[in-house]
Structures are given as C-alpha cells and as structure tokens.
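Topology and contacts: notes
These are the residues of each chain, in order.
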Amino acid sequence: MIPDCQACHALMPDLQKVAANLKGIATVATVNCGNVHSVRTCRAFGVHEFPRLLVFKTGTKTNPYTGGAMKEFDKYTGAPGARALVSAVTDKLDDSQISHISSSSEHEAFLQQQPKLAKVLLFTDKNASKVLYKIQSVLLFTDKNASTVLYKGLSWSYTRRLGFGEVRSSEATAALLEQYGVAQMPTLLVVKADGSRDAYTGPLKAVPLRAFLDGHALKEPLPEAAAAAGPGGAGKGAAGPDGMMGEVVLHALNASNLTEIDGRHEMWLLAFYRAAEGATCSAELEKLSSLLREVQGIVQYGSVNAAAATAAEGSDASLLRQYGADVAALEADGCKLQLVLLPHGKGKAAKGDYARWAGGLDDFKALQDWILEQIPDFTIQLSNEVEADAFVKATADSLPPDAIRSAEDRRAPIGKVFLFTTKSSVPGMYKALAAQHFGKSRMLFGWATTAHEKGPALPLMQKMNVRKPPAMSVLLPLPPKPIGDPDSAEQQQQRPPQPGGAGEMAIQQYFGPLKFQKMAAWVQGMAMLTGMAYKRHAGATPAPEAHDLDIHKQAQLQAACYDKPSLCLMTLLDGSSGSAANKARDLIRKVATELAGQPLTWVAVDVSRQSSFRRAYGFESEQLPALVALSTKRMRFAQGAAPFGEASAKQLVTKVLAGSAVTLPLPALPQLVDGGEPDEEPALSAQEEFDLSEVMAEEVATVLSKEEKLQQADKEIEAAEKAKKKAKTTTKKKSKKKKSSKKSKKKSAPSPAKDEL
C-alpha cells in the first residue's frame, strides 16, 4: 500500500475483518511501500501497483536453482470483500502437518515414533486415507469428516513445536475413544512425555486454544533435521551456521590453485578424489559439504579432482603427492574421498607436514576436534595482572614476525581481542580465530580464565564491563583527536578507565552467538572498520581485472556468480553514464583487492537496459551505481547502503559476513536479457486488480470542484440509504421463509468454520 492510495484506504476495513476472523490462525499484515524503509521490500516482491495483496502459502518448497527451501506466494486477484479474502487465505492451509489415525496400531506407532515431547491428539468420526507422522503430537476427537481450518492453522503455527494427530470416530477407533474416556465430540487432549494427559475445556476459539497449547509446546522449534521423520520434515539436515554468509565453501581447486595456496598462511583441508570422464562423485562431495557445515569454517576447504589436475598442461601425479594425495588409492577407488590437512604457513608442499584424516564422514565432532588439534596456537594467555597490563600496552612488535607486512605496519597501532572463559586451557575455536587472522590484520588475541580466583580475568572483566564468561571483547585504538578539541568533563568520566595507562582506546563487546562463523566475521568487521585489517594479505588471490568484473550476458552471470557457492557481490552499473561507471568499477576493484581471500565473488553488471533484472534487486535507474550481496544457496540478497562508495561496500560485506545484514527473499534468480530490454518505468497507480466498485466511494480518475464533490457525496449517500433499506426489506422476507430451516444451513460472513475443531 501507499499513503495517498484511496483504493488502499477503502480496502482496510475488509483487511481488519479478515485479521479478526483469522486471529491465531493466519497473520495479516500491511506494508507501507511509501516508507523509505519498506520500499526495497516492496520492490523485491515485484510490487509496483497498489493495492497489491500477496497470499503466502504454508511450508516451503525446494528452489529449482539451489535445492534449498523457498516460500511461495500468490498475487490475489479474486473478488473484493472479507469473505473472499478469508477463503483465499484458508484455501492455502492444508492438513499435511496432521497425522490421521484410524486404528489402535496407528495410534501406538504415532506415539512411539515421535520424540518424547508433549503430544496433542485429536479425535474425529471418519477414517483417513493415509497415515502421516510428525515429530510431536496432539490428538483431537471430533465428528467432522475433514480437518477444520482452525485445526489446520494450529498445526502449522506449532510446526516442530507440537505434533498434531487426528482420530476420527469409527468402529476401528472405538477402542481409542474408550481408552481416552472420550464422551463427546470434539475433545482435545495433550499427551505429555510421561503419558499423562491434559484435557482442554475452554472455548473452541483460536486465541484461548493457543494460550493452552503454549503451555505445552517447545519454546523454540526443533531443527528440521530432528523433524525429518514427520510430515513436511524431510530435509537435508541442519542448515549450517546462521546468517546469509554462514555458508562454508568447499572450493573446487585445480593444479594452478594448488600452487597458489602454497603461498598463503591459511590451513587447508583438501578432499582428493578421482572422477573420470562421465563421473562426478557428487554424492560423496555433497555429504562432505554437509559435514563441513557442521565443522564450521575453522580452516579453508577445497576439493581436488585428481583426473582433471593431472590432465592440466605441465602437471602430473607428483604434484598431488606433494600435497598428501595417495594417487594409487585414488586409481583404485576414485570416489572414496581422501582428506588431507595442510599445515599453517607458506611453502606447504616443501614442508610435507600434512596430516591425513583416517575417520569417516559421519562424525563432524571427531573431524572438528582433529582439525583443532592441528591448528597452531597464536593466542596469549594472561595469567596475572602484569601480563594483562603488558598485553594492553603491546605494540605491533608483539605480533608474530611473519604476520608483519612492512615497516609501516610495525609502527601502526594494533587491536587486542580478549576472551574470558571458564576453561583452564585455550578453546580450540579461539585458536582457529587467531590463526585465521594471522597475516590478515594487526590484531593480538589474548585470553584469561575465571577458573583461577587470583587470575586477572575478573579485574579485567570489570574494567571492560563484561558481566560473565564466556565473553569476547575487542580493544581498539581511537584515531588521534584534533588539536584544540579536548573531551568534556562528562565525556572523560564516561570513558572506561584504560588498563595499564594505555592511550586512547575503545572497547567493543561481542554480543552474538558463540559460533565460529559469527565470531570470525565480527572480528574481521571490527578490523576492517578501524583500519586494523591489512589492505591485502600476503598470497591472496589477485584482484579481478576490469574485463573479469564486467558481465554482459546471462551465460557470463551464470558462470561467474549464480553457479558459485560463494557470496556474490554484484555492482549494478549504468553503462551509459561513462566515467561514473568506470569510477564505480575502480572503487569495487579496490575493495575486492583489500578483501581478497574471503569467499567472495565480485562482478559488475551493466543494467542500463535490464529494467526487470534491476528492479528484481530493488533498484531504480536513478539509484545506480548500487551494490548487491547475493547468496544463491539461500535465495536471499542484501542491498548496499546509499551513497555508493568504499565505506558502504565494506559495511555491506561486514554485515553480511556477520549475518547481521537485512536480507530479502528471491522467488527466482533474476535473469539478464541478452541484448537488453526497454526501460519502461512501471506506473505506481491505484490500479484495479479486481472490481473495486463496491468499496470505492469516488471515481479516482475524475477531478471535481469542492461544490461538485459535495453534490456527488449527497447523491451517493442518498443512493446508499435506499440500497440499505431495500436490502433490509429483502432480508426480512427471506428470513421469514427460512425460519424452519436447520441452523447448519445458515450463512454468515465471514465463514464461522474457524471456530470449530
């Protein structure tokens, strides 16, 4: 909707009726597309005409591009009025979250197959055609021959929090009714984990029913992997770390890539396999990818097809052996993955200090622990206050020699990361975090344990305003203050005391989840925003050249961006702007150079004649150039803030890596039209998608004077009164004829079916 849309205002009463009628069953919401904070959301869903009603379907489906989950919606084009809108919403509800139980054996299997959590059971009077099982359960006894709107709505509202079953009354289920003491229909029971029951005795309305079920449901839904046994629960398991860039990337490497990573500090876990012509080993690689998502990005991951690597010009099997591959074993069983962990530091091939994983691909914790054991410890334990004070005062000379890039870096200020932990030894994840920043930023990593009362942890926590462990904070140097701009007395009082007499420092505490991907992205973001990150770490992949950035056709975009597992940073350009487009390319090339080594793909797309593509990502032509971060796996994207520039580009990457960026869904990946398309701006008009004559009290297209408007209003009011009287007369006549009819045949608007179980 938009504020000045008369048709939108006329529609509001009907929407309010729908919201009241479906309260507790479905969510009804309005979006003000005239609000600057909402306009991008509206464009992302292709909304350019108002009013526009979207009805989202229950559940998710598999995205044809990525294999991931996506939410489907339909544009409402039906009749006006609350009744029609209610029907459109309730028609989307199905009973796939309800297990239909038609015998005692099915009931027993239903209870046994679910996890030992609260279960809700529903009983009805008809046999069901099939049996479905869900992770939790509710049994309802009713005389309806089909699941009602209310019960279907509740089953979807409590997906993976409560399971819903339905027992329909029949000769086959008579024993169940007797077992549960069901004397009347409908009866709703919650069966607890210990087998005890709690009967619902309140009114059959959505709101009180939800209040009752809230007392038995899990506070948070179970992961989809845990729910895979039930209806709608089949999936690929855990989705991996949170956030759009929580993805763990398994890079496809070749012969040149192998020699390239030899000049980098990061540790790499390589998966060697041999897929001859016509083979892919895709099942094994997919299983490994799922495992690595659980392990998290504690090191870099790559896969190497031995057949392709040895076929490259100037390469042979000796190259693979240098990096730990057992070539003979690959010849015998090409799709049996060989996992080899390369050491930290440069010159990996010459060192020959690799380790082979001897376990399988079923236990992510075992693999994670094995990797963490191999990671060198670059952290500094702070055992007393003297060590803590020295750590705060430390300069770049305290960084490992190999991590210093230049003499200038040695003179520059550094940041300090503090971890407060209850453990007596350094956590493996913190070791991995310090190793990941080796040679990438001027950051020292220290930690203190609260296991020893006389240690420095508690005094430091007080000075850094940390309440309890585990907790992580970063101490960053502030830029020099301008001469003649002293702090006020109030500012000096508010600034935390600086331990050990250090210079001006800023303390920033991490408040996110204690997951490696989140923590690593947050520290990287702090380093980037404060200048602690090196412009480009040693051995990084070279920045893309101008011709590597530019995308003109869909096939190029597909290969460079859509088919890549990494995050894709797309710069949308107006190619007709000439120097402005070139300036944007240079800026993005500079940012890409500084962030080389991150799992990012950078492309520039000329959208001057690609209006559909541009609008799919929420931008109009006057907003170019613009930056978009796209996750093809999650089918979501984030938009860079205006104005377009180096700071906003870095900020977008930082937020996306940390999982804190606001992201929008994509129903499908936007496609470029080869050769371009006309740039026709959509009309933002109050277009009638259906007949609005019953709800509109004026003709929008006619411009009237005040006097004419008053005259027209009087006529319309008079006509409305006549129509109202006529309707009342007709209603009275009809009601006299129908007094003897059954109550079940009476109609009401909207339908009262929602109040029935």
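Before reading on, note that the structure itself is shown above.
Described in the following lines is the structure provided in the data block.

Some words on the overall build of the protein
- Within the protein, the secondary structure is distributed over 26 helices and 26 strands.
- For the protein, the proportion of its 757 residues judged to be buried stands at 46%.
- Looking at the protein alone, contacts between residues at least 24 apart form 75% of all its contacts between residues at least 6 apart.
- Of the roughly 37800 Å² of accessible surface on the protein, 52% is carried by carbon and sulfur atoms.

What to know about helix α5 (residues 149–157)
- Of all nine residues making up α5, eight are buried, and the element is well covered by its neighbours.
- Among the residues of α5, Val149, Leu150, Tyr151, Lys152, Gly153, Leu154, Ser155 and Trp156 are the ones counted as buried.

Things to note about the packing of aromatic side chains
- Counted under the stated rule, the structure contains 15 aromatic pairs.
- Arranged with centres 6.3 Å apart and planes meeting at 40°, the rings of Tyr158 and Phe164 form a pair that is tilted. Of the two residues examined, Tyr158 and Phe164, each falls in the buried class.
- Centroid distance Tyr430 to Phe445: 5.9 Å. Interplanar angle 70°. Geometry classified as edge-to-face. Taken together, the residues span a long stretch of sequence, with Tyr430 in helix α17 (residues 428–436) and Phe445 in strand β18 (residues 443–449) at a distance of 15 residues.
- You can call Tyr430 buried: its relative accessible area is 2%.
- Taken together, the ring pairs in this structure connect Phe45, Phe56 and Phe73 into an aromatic cluster.

Observations concerning the layout of surface pockets
- In this structure, the second largest pocket encloses a volume near 1100 Å³.
- For the second largest pocket, the lining is made up of 36 residues, of which Thr27, Ala29, Leu54, Val55 and Phe56 are closest to its centre.
- Put simply, the parts of the chain that give the lining of the second largest pocket at least two residues each are α1 (6–21), α2 (39–44), β1 (54–56), α3 (82–90) and α5.
- Classifying every residue of the lining of the second largest pocket by side-chain character gives 23 nonpolar, eight polar and five charged.

Overview of the environment of Thr159
- Tracing the backbone shows Thr159 in the loop between α5 and β8 (163–168).
- Each C-alpha atom, one on Thr159 and one on Gln97, is 7.4 Å from the other, the two residues being 62 residues apart in sequence.
- A polar side-chain atom of Thr159 sits 2.7 Å from the main-chain carbonyl oxygen of Trp156.

Description of empty space enclosed by the protein
- One pass over the structure, following the stated rule, counts three cavities of 30 Å³ or more.
- Computed from the structure, the second largest cavity encloses a volume of approximately 90 Å³.
- With three residues, α17 is the largest single contributor of residues to the lining of the second largest cavity.
- When the residues that make up the lining of the second largest cavity are grouped by side-chain class, the tally is six nonpolar, three polar and one charged.

Overview of the state of the cysteines
- This structure, assessed with the given rule, holds four disulfides.
- Two residues, Cys561 and Cys568, share a disulfide whose sulfurs are 2.0 Å apart. Judged by the torsion about the S-S bond (-130°), the Cys561/Cys568 disulfide is left-handed.

Digging into the sheet that holds strand β21 (residues 550–551)
- Taken in spatial order, the six strands of this open sheet run β21-β23-β22-β24-β25-β26, and their pairing is mixed. Taken across any chain shown, the strands that pair with only one partner, and hence form the sheet edges, are β21 and β26 (664–665).
- Where strand β22 (residues 567–573) meets strand β23 (residues 600–606), seven bridges bridge the pair, whose relative direction is parallel. By the bridge assignment, Leu569 is partnered in β23 with Trp602.
- Packing of helix α23 (residues 579–594) onto the sheet brings it into contact with β21, β22, β23 and β24 (626–631), and relative to β22 it is tilted by some 160°.

Observations concerning the packing of helix α14 (residues 364–374) against α17
- The contact between α14 and α17 brings their axes to 9 Å, and the two run at 55°. Comparing their axes, α17 and α14 come out oblique. α14 and α17 meet at a crossing whose hand is left-handed. For the pair α14 and α17, the contacting residues are Gln368, Leu372 and Glu373 in the first and Gly428, Met429, Lys431 and Ala432 in the second.
- When grouped by side-chain class, the residues that make up the contact of α14 with α17 number three nonpolar, two polar and two charged.

Some remarks on the packing of α1 against α3
- Relative to each other, α1 and α3 sit at 45°, their axes nearing to 9 Å. Compared by their axis directions, α1 and α3 come out oblique. Every pair of crossing elements has a handedness; the one defined by α1 and α3 is right-handed. Together, Asp14, Leu15, Lys17, Val18 and Asn21 of α1 and Ala82, Leu85 and Val86 of α3 make up the contact between the two elements.
- Class assignment for the residues of the contact of α1 with α3 results in five nonpolar, one polar and two charged.

Conventions and cut-offs
- Residues numbered from 1 in each chain as written.
- Predicted model: local features only at pLDDT ≥ 70, side-chain atom pairs only at ≥ 80, totals over all residues.
- Heavy atoms only, no water.
- Helix = DSSP H or I, 4+ residues; strand = E, 2+ residues; numbered from the N terminus.
- Buried < 20%, exposed > 50% of the residue type's maximum accessible area, 1.4 Å probe, protein only.
- Contact = heavy atoms within 4.5 Å.
- Areas by Shrake-Rupley, 256 points an atom, 1.4 Å probe, with all protein chains shown as cover.
- Phe/Tyr/Trp six-rings, centres within 6.5 Å; stacked < 30°, edge-to-face > 60°.
- 1 Å grid on protein atoms, 1.4 Å probe; cavity = no way out; pocket = protein on both sides within 12 Å on 5 of 7 lines; lining within 4 Å.
- Points joined across faces, edges and corners; volume = space filled by probe spheres on them.
- Nonpolar A, V, L, I, M, F, W, Y, C, P; charged D, E, K, R; others polar.
- Polar contact = N/O pair within 3.5 Å; in protein donor to acceptor, adjacent residues only side chain to side chain.
- Disulfide = S-S within 2.5 Å.
- Pairing = 2+ DSSP bridges.
- Axes fitted to C-alpha atoms, helices over the stretch in contact; angles between N-to-C directions.
- Parallel < 35°, antiparallel > 145°, perpendicular 65-115°, else oblique.
- Left-handed = near helix turned anticlockwise from the far one by under 90°.

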